[in-house]
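This is what each chain is made of:
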Amino acid sequence: MNFPILTIATFLPLMGAIWLLFINKGKEEKIRRIALVTAIGSFIISLPLFFNFNLNTHEFQFVEKVPWIKEFGISYYVGIDGISLFLFLLTSFLTLISILASWTIKDRIKEYMISMLVLETGMLGVFISLDLFLFFVFWEVMLIPMYLLIGVWGGPRRVYAAIKFFIYTMAGSVLMLVAIISLYFMNYKATGEYTFDLVKIYELDIPMGAQFWLFLAFFFAFAIKVPMFPFHTWLPDAHVEAPTAASVILAGVLLKMGTYGFVRFSLPLFPYASHQFVPIIAWLAIVGIIYGALVAMVQEDLKKLVAYSSVSHLGFVMLGIFVFNIQGMEGGILMMVNHGLSTGALFLLVGMLYERRHTRMIADFGGLTKVMPIFAVFFMIITLSSVGLPGMNGFVGEFLVLVGTFKSNILYATLATTGVILAVCYMLWMFKRVMFNKLTNPENQKLKDLNKREWAILLPIAILVFWIGIYPKPLISRMDASVNHLLTQVDEKYKLTLNRLEKDKIKYAMKDELPELAQYQED
Amino acid sequence: MEITIPPFDIKSIAPIIIMTIAGIVVLMADVFFKRALKDKLAYLSLIGIIIAGVVTFTQIGPTVYSFSDTFVVDNYSVFFNFIFLVSTAIVILMSVSYIKQEGINYGEYYTLILFATMGMMLMAGGSDLITIFLGLEIMSISLYVLAGFRRNRLDSNEASLKYFLLGAFATGFLLYGIAMLYGATGTTNIKEIAAFLANNPALSNPMIIMGSSLLIIGFGFKIACVPFHKWTPDVYEGAPTAITAFLSAGPKAAAFAVFFRVFLVSLPALEPKWSMILWVLAVLTMTVGNVVAIAQTNIKRMLAYSSIAHAGYALIAIVAANSLGTASMLFYMLAYIFMNLGAFAVVIVLGRKGEENLMIEDYNGLGYKHPLLAITMSIFMFSLAGIPPLAGFVGKFYIFSAAIKSGYVVLAVIGVLNSVVAVYYYLRVTVAMYMKPPEREFAPLSLSPYMIVALIISIWGTIHLGIFPARIIEFAQKSTLLY
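Just so we're clear, the structure is a prediction, and the values are computed from it rather than from any experiment. (Residues numbered from 1 in each chain as written. Chains lettered and ligands numbered in written order. Predicted model: local features only at pLDDT ≥ 70, side-chain atom pairs only at ≥ 80, totals over all residues. Heavy atoms only, no water.)

*Asks:* Would you explain the overall build of chain A in this entry?
*Replies:* From N to C terminus, chain A includes 21 helices and two strands. Relative to a compact globule of 523 residues, whose C-alpha radius of gyration would be 24 Å, chain A shows 24 Å and is just as compact. In terms of overall dimensions, chain A has a C-alpha envelope of 90 × 50 × 45 Å along the principal axes. Relative to its 523 residues, chain A shows a buried fraction of 65%. Of the roughly 18,900 Å² of accessible surface on chain A, 66% is carried by carbon and sulfur atoms. Positive and negative charge centroids in chain A, built from 41 and 36 side chains respectively, lie 12 Å apart. (Helix = DSSP H or I, 4+ residues; strand = E, 2+ residues; numbered from the N terminus. Rg over C-alpha atoms; globule rule 2.2 N^0.38 Å. Buried < 20%, exposed > 50% of the residue type's maximum accessible area, 1.4 Å probe, protein only. Areas by Shrake-Rupley, 256 points an atom, 1.4 Å probe, with all protein chains shown as cover. Lys, Arg positive; Asp, Glu negative; His and termini not counted. Charge placed at Lys NZ, Arg CZ, Asp CG, Glu CD.)

*Asks:* What's the story with the pairing of strand 2 (residues 74–80) of chain A in this structure? I'm lost.
*Replies:* A regular strand places its side chains on the two faces of the sheet in alternate fashion. Residues and elements named next belong to chain A. Taken across its seven residues, strand 2 has seven buried, putting it largely inside the fold. In strand 2, alternate side chains face the same way, and those of Ile 74, Tyr 76, Val 78 and Ile 80 on one face and Ser 75, Tyr 77 and Gly 79 on the other are all buried. Pairing geometry for strand 1 (residues 61–69) and strand 2, over six bridges, is antiparallel. Looking at the pairing, Pro 67 lines up with Ser 75 of strand 2. Between the antiparallel neighbours strand 1 and strand 2 lie four residues, among them Gly 73 with a positive phi of about 70°. (Pairing = 2+ DSSP bridges.)

*Asks:* For this particular structure, what's the right way to read helix 9 (residues 231–238) of chain B?
*Replies:* Helical periodicity: at 3.6 residues per turn, an α-helix aligns residues three or four positions apart in one direction. All names here are of chain B. Summarising burial for helix 9: six of the eight residues are buried, a large majority. Along helix 9, the residues classified as buried are Trp 231, Thr 232, Pro 233, Val 235, Tyr 236 and Gly 238. Tucked inside the fold, the buried residues of helix 9 contact helix 6 (154–185), helix 8 (206–223), helix 10 (241–266) and helix 12 (299–320). (Contact = heavy atoms within 4.5 Å.)

*Asks:* Sorry, what's going on with the pattern of salt bridges here?
*Replies:* Charged atoms that come close allow side chains of opposite charge to pair. Scanning the model with the defined rule gives 23 salt bridges over all chains in all. For Glu 28 of chain A, the salt bridge goes to Arg 32 of chain A, with nearest N and O atoms at 3.7 Å. Separated by four residues within a single helix, Glu 28 of chain A and Arg 32 of chain A lie in helix 2 (residues 28–51), roughly one turn from each other. The closest approach of N and O atoms between Glu 454 of chain A and Arg 356 of chain A, which form a salt bridge, is 2.8 Å. Taken together, the residues Glu 454 of chain A in helix 19 (residues 452–470) and Arg 356 of chain A in helix 14 (residues 326–357) connect sequence positions 98 residues apart. With relative accessibility at 2%, the residue Glu 454 of chain A sits in the buried group. Judged by relative accessible area, which is 22%, Arg 356 of chain A ranks as partly exposed. Linked through salt bridges whose partners overlap, the residues forming this network are Glu 158, Lys 162, Asp 234, Glu 237 and Arg 301 of chain B. (Salt bridge = Lys/Arg side-chain N within 4 Å of Asp/Glu carboxyl O.)

*Asks:* Honestly, the interface of chain A and chain B in this entry has me stumped. Any pointers?
*Replies:* Interface size is commonly expressed as the accessible area that is lost once the parts come together. Listed by partner, the interface residues are 35 residues for chain A and 36 residues for chain B. Inspection of the chain A/chain B interface yields zero salt bridges. Here chain A and chain B share six residue pairs in polar contact (both at pLDDT 80 or more) between them. Taken together, the elements giving at least two residues each to the side of chain A that touches chain B come down to strand 1, helix 5 (132–141), helix 6 (143–153) and helix 7 (158–191) of chain A. (Polar contact = N/O pair within 3.5 Å; in protein donor to acceptor, adjacent residues only side chain to side chain.)

Rendered as structure tokens:
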């Protein structure tokens, strides 16, 4: 492929941001249009990735590789496979939607749109990087615009939330940096080549002790991002304070970076440690599922409710990833996409309510179906998609994850299933309190229904919700090759380590009992 | 006794001679310039710096010892000379309007800066402890005067006196150290000391241990590492801001230059001892610097503590004691002068006669009044915090790589955790600029063209070294011949 689709789609938003720098502050309409056009451009350019995707190979596609810092063996190396494809598309899609949803921002619109576009470049870069250094650069770069979005355009406690977000994420990721550098030198020792090339480092056989520490370092970086229980406390703060669009991006894309990191880095690099950590991660995921759901149930603030529901949903994703079978993994990846769509949409809907009423308290609403029927329909669709009603996208992912979990551990699966039930409780209860009941509050009586822009935001999401729900095959078929390859790769390396462990055991046992024979065997 | 005059290799010290001549020319020209025209002296200084830079450029390449092995020109010293010249040039550019506004635009100002730079170059090229000492003194004495240059201000006087007194003590320690090493080895030449230590038991000789410990104290004072750092905040706060910037850049780099050269070239035999001590010093320096910086409300003091912390990161490179470590320190020093001088330049731009705006609250709302200046400051802050893709990140990455390569993983972990702490106080500046409403009217900025050039160079350096560091890294890796 000669046309550098990935590079253009990734850096187009950055170009747009630079363009915006030179636009006069007063021309708000123009600023919005430029931002929107760049986001649309990036999305359209990335569409061929989906249609021209080769289903039959697990190898990275649309690869571009240019040396960057030769002395260190760092290159600009990007490409996608069936795992990152959908996250890439989801990112450019959601950014587009978010920019459309930010039309009503009046305050410092220029800086806002610049942050949004830089953020998009950072996020897209994370999903396509195949060079560890490059990955880390994108991973950190994206913190700054998000920090600004929360801190400048957020709610009353925005500064606290923004700093908390930044420091939490940074604290996790610096340890990953140390681990990345260690991997780099290990790879040098083994192969004599200085490189950050992920595909080459995949081949590395890491001793068990080192795997443990390296896995842990990556684990903190990703687990904070996901966020897994008990590293989730930054999330509700960030969500509540962030402006609508930032919440959408945060829930829709940023959290996926954590789970994506586990799939792309932790599993294939440290298969033995990953297997060893399964009980801890699975239990943390299950606690997250149930705890998130229970806490969501008692929230009085709509945004907080959705934020905690994310903790719960991401628990499913983690569980799916760490059961090491194809259903779980594919379900996990699909669920990342689904969660991005439905939770993103939920934040958009809450944002629309907030714009009209300037409150997010559930108690302030009630009976909105009467004044806002179309809104109610969309809200219903998204709510049901979020709880995983068959026929909608949420179901497919959750079902696959649970099937995968059942195959590997019935206890985990049983406990996780309760999360599905709890999800129905808190979502439908919330829906009832907001949309049904009697319309008592006089302020709610004059609420306007959706306008054209809001239609344009919600309709594509609703279409995707049904499409994935009814016919998920185009998505799953694109994942198959990559996920299968990943699982065999992990499995082979894991077995290799196990075999060696077994051999060592025999050797040591023999040394104790039959020293001559052990000597003989060694010779 | 026969006296032989050593061959006089003028080419090897040409940059130093040029700087000296430039300093003298400025001093003489000063007599003939009216007060209002003293700006022009900056041109003379810059011309001197540029000529010295060109000459230095021709010195890239082979290692040449001269003056009976007391002076050396190698890529290492050339790299440092570039660092000194660039930082001096930026400082002079940002001084022009600043010293005018403060009413201290005397010709000596530039002369002293040029002489100090000359001293630094002598330090970087010194291959004999006496040469190094000479350079150190030329630099320090100029700096003592410069720190007190706002002579009608109490805090400036305090800074100068404090710096001088403590500096004199540190020099004493250093000299003792040199004397002891001489007593034990019979030479002050760096290479010969190394040769002596290679052939004789070093670790058991208390005089050598004592001598090198005293050297650590002497150098530790100059690089401001904990626990020899107490002078830094007061001196940084009291000195004229442009001089504070100068202090944090060139002299610090020069001290690191000799620190590395002396310890890696002449004392590698003692590595097990000093690497342990420096390990502790690095951890203390980073941690104390970063933690105390959090509590600061004055931006100059905050940057002072941040510079202490950065010295801690650079100490990691010396602990690593491999060629990667030296190269990473070289790169880091270069990256650091760009971002740190840039930050100080913004501080100067925001200051006014009688109203210096040095509190972090004074930055509240800057992002909306002067967006370009605020973006500039944010870039420097993010770079100092080590966020990619800026110079500070590549520098830190490089240093931590060196540490991990030598097996100091714990040290690297402490280092990266420290950079998380650091994020907090650097972010505070951006919080003030973008997330707080302005509390006062901002006066229109008085940006002189000199200052704009200084800012552009700093920004360019910070971004360029972050995104396209390859060539500088290549040069840095060729500059580690000394080990």
